[in-house]
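What follows is the residue order along each chain.
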Amino acid sequence: MKIREMQQGDIPAVVEIENQNFREPWTEAIFKEEMAQGTRTYYIAELEDRIIGYMGLIWILDEGHITNVAIDANHQGMGYGRELMTYVANLAFEKGLTSMTLEVRASNARAIHVYESLGFINEGTRPKYYEGREDAYIMWLYKEAWNERTV
Ligand SMILES: CC(C)(COP(=O)(O)OP(=O)(O)OC[C@H]1O[C@@H](n2cnc3c(N)ncnc32)[C@H](O)[C@@H]1OP(=O)(O)O)[C@@H](O)C(=O)NCCC(=O)NCCS
């Protein structure tokens, strides 16, 4: 799998994956706005020049906020999501972040499993955050834990 920074031309393929995976998918316009902001980086995962996933990171001082992460439906469960997040975590901690955080639906057992396997810890709940119904877990990954994991 190859990982690189997202370009404008990647947006239609990314939105296709977004549409497969989320109840309130981001549009092309939202991705354009996101990419125009200097504090955000989007990463693309490719297999043989085909986009199979992406992940976004907002850089806020020494904290990284993961905006979204998704793998194309035909390629889920094959290790690519963990590989993409591992790559971005290594890069982000090398570049000076000390922690990374994300929000996840309480029912999203697969995503939570992947995050916990990387060392993310559930540190809080936003009650009824999604559609006024479903809780969000707020998970954090710390650089020290990450370094201990990879040593
Ligand atoms: C979440 C997501 C990014 C993970 O990427 P992926 O490539 O599918 O995941 P991986 O193949 O790297 O790892 C899957 C792991 O979840 C486990 N898993 C699968 N289904 C599971 C379930 N229902 N409950 C718990 N664990 C589960 C697998 O066993 C595997 O773990 P293991 O390697 O320790 O055995 C991807 O599935 C996805 O895009 N999902 C839809 C969008 C989404 O939910 N994004 C996250 C929003 S916060």
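Up top is the structure.
Reading the values: rules and limits
Residues numbered from 1 in each chain as written. Predicted model: local features only at pLDDT ≥ 70, side-chain atom pairs only at ≥ 80, totals over all residues. Helix = DSSP H or I, 4+ residues; strand = E, 2+ residues; numbered from the N terminus. Rg over C-alpha atoms; globule rule 2.2 N^0.38 Å. Buried ≥ 20, exposed ≤ 12 C-beta atoms within 10 Å, placed from the backbone. Contact = placed C-beta atoms within 7 Å. Near = placed C-beta within 6 Å. Nonpolar A, V, L, I, M, F, W, Y, C, P; charged D, E, K, R; others polar. Pairing = 2+ DSSP bridges. Axes fitted to C-alpha atoms, helices over the stretch in contact; angles between N-to-C directions.

A. Inspection of the overall build of the chain at higher detail. Helix and strand counts for the chain stand at 5 helices and 7 strands. In the chain, the order of α-helices and β-strands from amino to carboxyl end is β-α-α-β-β-β-α-β-α-β-β-α. For the chain, whose C-alpha radius of gyration is 15 Å, the value lies close to the compact-globule estimate of 15 Å for 151 residues. Principal axes of the C-alpha set define a box for the chain whose edges measure 40 × 35 × 30 Å. For the chain, the proportion of its 151 residues judged to be buried stands at 26%. Residue pairs in contact within the chain that sit at least 24 positions apart in sequence constitute 54% of those at least 6 positions apart.

B. Expanded view of the site of the ligand. The immediate surroundings of the ligand are formed by 19 residues, with Q76, G81, R82, A109 and H113 found nearest. Going through the elements one at a time, strand 4 (63-71), helix 3 (80-94) and helix 4 (109-118) are the ones with two or more residues in the shell around the ligand. Element by element, the count of residues in the shell around the ligand is highest for helix 4, at 6 residues. Looking at the shell around the ligand, its residues break down into 9 nonpolar, 8 polar and 2 charged.

C. Region of interest: the sheet that holds strand 2 (residues 40-47). An order of 1-2-3-4-5-7-6 is seen for the 7 strands of this open sheet, with the pairing classed as mixed. Across the chains shown, the open sheet's two edge strands, defined by having one partner strand only, are strand 1 (2-5) and strand 6 (121-130). Ignoring strand direction, the axes of neighbouring strands in this sheet form an average angle of 25 degrees. In this sheet, strand 2 lies alongside strand 1 in antiparallel orientation, the contact comprising 4 bridges. When the bridges of strand 2 are listed, R4 appears paired with I44. Its contacts with the sheet place helix 1 (residues 11-21) against strand 3 (50-60) and strand 4, and it is angled at close to 90 degrees to strand 3. Together, strand 1, strand 2, strand 3, strand 4, strand 5 (99-105) and strand 7 (134-142) form the strand contacts of helix 3, whose direction differs from that of strand 3 by roughly 35 degrees.

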